[in-house]
Structure formats: C-alpha cells, structure tokens
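In case you want the letters, here they are:
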Amino acid sequence: MARQANTLFLEEWLRTSSGSIINTSADQSSLPSARAIIQAWSELRDCHQHQSFEPHHFQALKILLDARASLHVADPQAKLLVSILSSTNLVIPHEAYPLLFRLLYIWVRKSFRPSSALIDLAVETLSHLLATELGSKKSPEFFSEGVLLLGAFSFVPSVSESSKTVCLELLCRLLEDEYRMVSQFGGLIPDVLAGIGYALCSSVIVFYARTLNALLGIWGKEDGPPGSVSHGLMILHLVEWAMSSFIKSHSQDKLQIFAKETLGTSKKDHVPFAVVMAAAGVLRALNRSAPSRQGLQILSSIRISAENRIESVAQCFISKSRDFENSGGDYATSLLLQCISLAVARSGSVSSQPALLLSLASALLTEIFPLRRLYARILESTHGSSGGLEPGKIKEHLSSVTFREAGAISSVFCNQYISVDDENKMIVENMIWRFCQELYSGHRKVAFLLHGKADELLEDVEKIAESAFLMVVVFALAVTKQRLNSKFSTESQMETSVLILVSFSCLEYFRRMRLSEYMDTIRGVVVSAQENETACISFVESMPTYGDLTNPQEFQQKVDYIWFKDEVQTARILFYLRVIPTCIERLPGSVFSRVVAPTMFLYMGHPNGKVARASHSLFAAFISSGKDSNENERSLLKEQLVFFYMQRSLAGFPGITPFEGMASGVAALVRNLPAGSPATFYCIHSLVEKASKLCTDIATQKPEMWKNWEGESEPCKKILELLLRLISLVDIQVSGGLFITLSMLLCARSPFGTFVKLRSVLCFAAMF
C-alpha cells in the first residue's frame, strides 16, 4: 500500500489502492524537456499579455501537464494561471479549463507554503467560474477538476477560514446538484473522491456532515454513478487516509462526527456498499495507528461501532435474501457481497458474527467463484441461447481485485467460521459441500462440451475452479479442527469425515499442486473414518455407480460420450481408488462386490497407467485384507474376483494393463489365497497360457527377437520372470503340470540365451 502520510496526490493513491492502475511511468524520452517547459510558460505569459488564447496555448498547457511528475509550479506561475482564468477579455476554450485547474492543483499540493493571499484570489476566481460558467461549460472534466481543486484549497492549513468555508460550501453544492456529470465517466471518480477527502480533513467542520453524506449517498441517487468494487475500495482507503489524519492530529471532534454520521444509526440515503467500505476504512486506520492514552476510549468505541455497522449491513442482506446461497443476480447484490468480502479482508481482525460469515460464504460461492453461473451461461450459449457468456468476461474476472484477493478472503472466512455457533457452522458447511458436488457436475458437462473446441475458455474457467479448490481445502482443514474432537459424538465425526472425503473427490480434478493443508485434512478424516464400518460404507456408496460412469443420464443425448475420456470423472474415481484401501478392513465383502468391484474392473482398462495401477492396487488391498464376520463369504468373494481379475488384466496386456500393477495383484492373490486354491491354479494357468501365446507370436513373426532378448524388457519376458518369482510362493503339486508345459515351450523355442536359467528352474520344479 502506498505511504499515506506522504501522499502528495490523493487521487493517484486512490487509483493505486483500488487496483485501478494507471501507467504513470512514461518513457523518459517522451517527457517534455526543460526547454519545452520553459517555452510553454513563456507562451502562457504571452497569452495573458496579449489577451488572446490560441491553439498553441492549449498545447502549452498539455506540455506542462505531461511533465506533472517533475513539474513545480511556483507562486508567480500560479498567479499567471489565476490571471488567465479571471480575465474577462480572454475567450478560453471549454477544454482548457480542466487543464488550468489541474496546474493550480499541482501548485497547491507541491508548494511547501503557498501564498495565502494568492489562494484567496484563486478561490474567488474559482468560485466565480463554477457559479457562473459551469452551466455553459458543463463537462465532466470541468466538474471533477473543480471539486478536486476546491477540496485541495480547503485542505491548506494557512488558508483563511472564510476561503475554506467558500470552498467547502461550493464543493457540497456541486456534489449535491451536479453529481450526474460523472455518472458515465468512472475514470473521473478518483478525482472527485480525492476532493471529498481533502474537504473531510479541512480544519472547518461546518460542512463535514454534508460532505460525508455526499461520499456515502451519491451512489444511490437517480442518474448518479452506479458504483463499483473499484469505487468501494477508493472509499475504503479514502476513509483510512482521513481517519489516520484525524487520529494523528487528535481531532476528536471530527472522529465523533464521523462516528455519528457514518457508523451510528443507519441513514436511508447512504448506500450499503459505501457504508461497509467506509467502516472498513475506519478499522484499517485504527489497526495501523497507535492511539494515545487519552484517545483510547473513543477509538475503542469507534472500533465497536465500525464492526457493528458492517455486521448490520450483512444482517440486512441475509434477512432480505431468501436464497443467499444463490444470490448472485442483480448488480447491487453482487457489488455489496464483493465489498463485504474485501472490506473484511482488508480490515484486519474483525469480530465473528453469523451474518458476516453467511455473507462471506455467499460472496465466495456466487461472486468470487461464480462457477455455477458460468457453467449455466456456457451451456446456454452451446445450445444457441442468446444468454451465453462472452469469453472476455471470464478474463476480466480473473484480473479482478476480488478474485486476486480470494486467498485473503478465504482466510478471513475460515477465521469467522471458527468462532460462530454450531448451527451457523453447519449451515456454511452444507453450503460448501453442495457447492463441491455442483462444481463436479457442472464442470463435467462444460469440459465435455468445450474440450477441443474452446480450450482457452475452458482453461480460464479451470483457473477459477482451481482457486475454489484451494478455498475448499483451507475450509475443510478448519472444519476438521473444529469437528473431529471429543466434543462431538462419534456419529457426528464420522458424518463430517465422509462429507469432506466426498467433497474432495468431487474436486480432485482441480488438485494441481501438493498442499500440506490437503494432506493434513486427508489424514485427519481418513483416520477418523477408517475405524468405523458405517462411515466406510457411506463413503464407498457415494461413489458413482457403474451405470452412471459408463452411461450417464446427463450425456445420453451425446452419442460420442466415452467414459475413459471424461477426465473430471476419472479424477474423482482415482480419488476413491486411492482412499478405499485405507478402509478396506472395515468394508463388508458384499459392499465391495456390489459397489467397488464393477468400477475397479472397469478402470483396470483405463488407458491412463496411473489410474489402471490404482485399480490393481485396490484389488491387491482387498485380497490382502482381513476376515469378515462371515469368513467363508469373504474368502469365496476373493476366489470369484480372481477369475475376473486375470481375464481383465491379461486381456489388456501388453498395452493397457500396466505390468507392475498386474504383478502386484498376482503376488497378493498367490500369497493370501489358501494353498491349492482353484483361483491360484487359474491364475498360474492363465499366465502360462499368456506367456506361451506371446512367445509363439514372437517366434513366428520375428524369429530374430529370440536372439536379442538379453537385456530387453519385452512383455513375454516380463511374464516369464513373474512366473519365476512365483515358484517359491505357489503349491508345486498343483502347478507342476503347467510348469512342465512352459519348460517344454522354452526348450523348443530357446536353447540358449536369457531363459536357459528359467527353463532349468521350471524343469526342476516340474519334477516335484
């Protein structure tokens, strides 16, 4: 943040603070030279001397303003400007007045001690111009520069009280009567607000309340400026600047008037978003100031009033909104929610209040991460509706202040959550968990429609979704710390754990980086859920069914839907494949057979090796798991699954089935099934048949390959080596015949090379 105490041009600081960055670092080679500046002043003197304003005089004004960063306007030069403005014989073009006003503003702000008499004369000239010429020269620039200059004059300590009074009265009248001039020119708002800021800090307080009313009420007037997040931030930092000045100068009168007019009872003319941002500016100033012992009491009272005012606006929003979870509709509501979130994020520590928490939740889900609204508009545009979405709007959102500060807002949201009552905690938790499921459902449809057709648009949408994922992770960690402890029943802890796991599964597609908060949350909820059979079953049954995976209702009209190309769904299933092994001991065999096995076998055929390996690991975990209360039921299920497993694995090998995954599954079943098991015999038989087929194919199609296998890792070699490792694990009496078959195959095909050792071992094994 810019240095408040040394703010030279308040309007520039407001632009910077609000994110309305302007390019003030012009190329040094394009700046006017000292010679050009001297020449420009000379031409202005000629203008006054000859009482004639020509086009090159206007160009001279532009040259001086181009050099405003380094320009210093001395009293004699200011007197020249005032003389030009006050001349009755000069016909000055309308567009020159704002430039002359700006040069006087530079003079009064940069001069260490400007002449009081000259300021009095300038005030007299300016008041005359604004009173008599504004109608004929009515323009937004004339209005904004006039307000800025009036405020700057009233802020100079050495100016007489009468001149300050004239400035402030005229400024208030302009704001009350001519505010419509800047309604369509948002770029001039910082200048107007800076003029108001200077006026608020003037030593004359007669017009203080009127000035405040203009600051907070101009946005709600008919044909007034509509207001924006940028304007709200300007109000916040303007009030911060003014309050810091009051505190530093011990202006208790101004502090009390400000608290009464702004933070006291609600006024119908004050616009909610402006009130919220003004209250946030107060809190920010208080957090950055070190009050004296004498002023501590009043500042503490003001802090309480500021927090209450923000909470009051939030409460009003909640009470009026029937569905604050989906409140992002009209512009005023959208603006208010964004301003509440930014106000709390930039204010520092704010006391927790239920209405504030709910407002922040609504802001996050509808304004900062407006994904549900974006998905609806994208789908509308895809179906030819006129209510579609312009891609530029998403890029605009990505660069917005609220989105850039999503992390800070999420942090404040979690802090608010920690301190509220359990009822409101539950409301917000349910809002977040529903958001996760809607995000999963919506993004699946949008990704399917946009992939390969509008990749840039899809990428921008996913940037928003990735940030939403980070918010959910931070929030979920806060929930685990609050909910997973002895204060809550086991059932409540289990329910919370399952909800978090399901929510994380919905957002797994957006997990693009390793987060310690994510890992801490996963560990906490898995430890909580894995010891409870009900929780394990509930989590597993939340997984999409086989029918939903292969033939989803939402894609039935799309004949080209292919399940393994659905990356959003695949990421979610991968999450289940990784988490289910942690609770496999508590999972009944019947549930595994009905819910898990179909999906596990389906994703063994997924072309992504990472996904396929996870499916094999899940199979190995189940085969290695303990006993059910019904031992025979689980053992029988293991035997049955082996047949499906070997068929599915070998059907995709080589190619789709990753050898490492299949090897882990085979090793698990050989180790854990009873000796002499028919399933084990079928496993070895299937491997031998596959090896025989691969060897035969290679010998037939590429005979030279037999001589070159040394050091290579061909599919046939991998299976033969796996069989070699299994010799010490399987029952030789059951599998001896198969080993004889395999050894005969090797004897026929490979009298030398890598498999001489393997052939010898197999022949030896077959003797038993």
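Residues numbered from 1 in each chain as written. Predicted model: local features only at pLDDT ≥ 70, side-chain atom pairs only at ≥ 80, totals over all residues. Heavy atoms only, no water.

Undergrad: I'd like a rundown of the overall build of the protein chain, residues and numbers included.
TA: Tallying secondary structure elements over the protein chain gives 35 helices and 0 strands in all. Counting over 768 residues, the protein chain shows a buried share of 55%. Here the analysis covers contacts within the protein chain between residues at least 6 apart in sequence; of these, 77% occur between residues at least 24 apart. If you sum the accessible surface of the protein chain, you get close to 33,600 Å²; carbon and sulfur atoms cover 52% of it. (Helix = DSSP H or I, 4+ residues; strand = E, 2+ residues; numbered from the N terminus. Buried < 20%, exposed > 50% of the residue type's maximum accessible area, 1.4 Å probe, protein only. Contact = heavy atoms within 4.5 Å. Areas by Shrake-Rupley, 256 points an atom, 1.4 Å probe, with all protein chains shown as cover.)

Undergrad: Could you give an account of the pattern of salt bridges, naming the residues involved and the relevant values?
TA: When charged atoms on two side chains of opposite charge get close, those side chains can pair. With the rule as written, the count across this model stands at 23 salt bridges. One salt bridge in this structure joins Arg102 and Glu11, with 3.0 Å as the shortest N-O distance. Of this pair, Arg102 sits in helix H5 (residues 97-110) while Glu11 sits in helix H1 (residues 10-17), placing them 91 residues apart in sequence. Judged by relative accessible area, Arg102 falls into the buried class, the value being 14%. Using a relative accessible area of 1% as the deciding quantity, one classes Glu11 as buried. Taking the shortest distance from any N to any O, the salt bridge between Glu405 and Arg346 comes out at 2.4 Å. Here Arg346 lies in helix H15 (residues 331-347) and Glu405 lies in the loop between helix H19 (401-404) and helix H20 (406-419), a separation of 59 residues in the sequence. (Salt bridge = Lys/Arg side-chain N within 4 Å of Asp/Glu carboxyl O.)

Undergrad: Which residues make up the nonpolar core, and what are the values?
TA: By size, the foremost hydrophobic cluster in this structure holds 264 residues, and its most contacted members are Phe369 and Leu371. Of all the elements, helix H22 (residues 455-483) adds the most residues to this core, at 14 residues. Contacts of Leu371, omitting those with residues within four sequence positions, involve Phe435, Leu439, Val461, Ile464, Ala465 and Ala468. (Core = buried A, V, L, I, M, F, W, Y, C linked by side-chain atoms within 4.5 Å.)

Undergrad: Run through the packing of H15 against helix H16 (residues 354-368), naming residues and quoting values.
TA: Remark: H15 packs on H16, axes separated minimally by 9 Å, with the N-to-C direction vectors making an angle of 115°. Crossing handedness for the pair H15 and H16: left-handed. Residues Ser334, Leu337, Gln338, Ile340, Ser341 and Val344 of H15 lie in contact with H16, whose contacting residues are Leu356, Ser359, Leu360, Ser362, Ala363, Thr366, Glu367 and Ile368. (Axes fitted to C-alpha atoms, helices over the stretch in contact; angles between N-to-C directions. Left-handed = near helix turned anticlockwise from the far one by under 90°.)

Undergrad: Which residues make up unusual backbone geometry, and what values do they have?
TA: Trans is the prevailing form of peptide bonds, just as negative phi is the prevailing case for residues other than glycine. Cis rather than trans, the peptide bond between Phe653 and Pro654 has omega equal to -5°. Within the element layout of this structure, Pro654 appears in the loop between helix H30 (631-651) and helix H31 (659-672). One non-glycine residue, Asp223, lies in positive phi territory at about 65°. Its place among the elements puts Asp223 in the loop between helix H10 (208-217) and helix H11 (229-248).

Undergrad: Explain the environment of Ile257 to me, and be specific about the residues and the numbers.
TA: By the secondary structure assignment, Ile257 is in helix H12 (residues 252-263). In this structure, the C-alpha to C-alpha distance between Ile257 and Tyr208, residues 49 residues apart in sequence, is 7.9 Å.

Undergrad: If you had to explain the packing of aromatic side chains to someone new, which residues and values would you point to?
TA: Overall, the coordinates contain 28 aromatic pairs when judged by the stated rule. Taking 5.5 Å as the distance between ring centres and 90° as the angle between the ring planes, the aromatic pair formed by Trp563 and Phe564 counts as edge-to-face. A residue is classified by how much of its surface remains accessible, and Trp563, at 14% relative accessible area, is buried. Here the basic side chain of Lys425 rests over the ring of Tyr417, its NZ or CZ set 5.5 Å away from the ring centre. Cation over ring: Arg512 sits above Tyr509, and NZ or CZ is 4.8 Å from the ring centre. (Phe/Tyr/Trp six-rings, centres within 6.5 Å; stacked < 30°, edge-to-face > 60°. Lys NZ or Arg CZ within 6 Å of the ring centre and 35° of its normal.)

Undergrad: I'd love a proper account of the environment of Lys138, names of residues and values included.
TA: Summarising the element assignment, Lys138 is placed in the loop between helix H6 (116-132) and helix H7 (140-155). Between the C-alpha atom of Lys138 and that of His94, which follows or precedes it by 44 residues, the distance is 8.5 Å.

Undergrad: Talk me through the side chain of Ser139; I want residue IDs and the actual numbers.
TA: Inspection of the secondary structure puts Ser139 in the loop between H6 and H7. Taking the relative accessible area as the measure of exposure, Ser139 reaches 19% and is therefore buried. There is a polar contact of 3.1 Å between the side chain of Ser139 and the backbone nitrogen of Phe142. (Polar contact = N/O pair within 3.5 Å; in protein donor to acceptor, adjacent residues only side chain to side chain.)

Undergrad: How would you sum up the side chain of Arg483? Please name residues and give values.
TA: Tracing the backbone through its elements, the reader meets Arg483 in helix H22. In this view, Arg483 contacts Tyr417, Asp422, Lys425, Met426, Glu429, Phe488, Gln493 and Thr496; residues no more than four positions away in its chain are not counted.

Undergrad: Would you mind going over the confidence of the model for the protein chain in detail, with residue names and values included?
TA: Mean pLDDT over the protein chain stands at 86; residues scoring 70 or higher make up 86%. Within the model, pLDDT remains below 50 along residues 1-6, and this stretch shows 13 contacts once partners closer than five positions in the same chain are excluded. Taken as a whole, residues 706-713 scores under 50 in pLDDT and shows 19 contacts with residues more than four places along the chain or in a different chain. (pLDDT = per-residue confidence, 0-100.)

Undergrad: Residues and numbers for the state of the cysteines, please.
TA: Applying the stated criterion across every chain, the model contains 0 disulfides. Summary of cysteine pairing: Cys436 is not part of a disulfide, and the nearest cysteine sulfur, belonging to Cys506, is at 6.6 Å. Overall, the relative accessible area of 0% leaves Cys436 in the buried class. (Disulfide = S-S within 2.5 Å.)

Undergrad: Requested: an account of H10, with residues and values cited.
TA: Summarising burial for H10: 7 of the 10 residues are buried, a large majority. Buried residues in H10 make contact with helix H8 (161-177), helix H9 (189-200), H11, H12 and helix H13 (272-288).

Undergrad: Help me get a handle on the packing of helix H21 (residues 422-450) against helix H23 (residues 490-507), residues and values and all.
TA: Here H21 crosses H23 at 30°, and the two axes come no closer than 8 Å. Overall, the two elements H21 and H23 adopt an arrangement that is roughly parallel. In this structure, H21 meets H23 at a crossing whose hand is left-handed. Where H21 abuts H23, its residues Trp433, Cys436, Gln437, Leu439 and Tyr440 lie against Leu499, Ile500, Val502, Ser503, Cys506 and Leu507. Taken together, the residues of the contact of H21 with H23 break down into 9 nonpolar, 2 polar and no charged. (Parallel < 35°, antiparallel > 145°, perpendicular 65-115°, else oblique. Nonpolar A, V, L, I, M, F, W, Y, C, P; charged D, E, K, R; others polar.)

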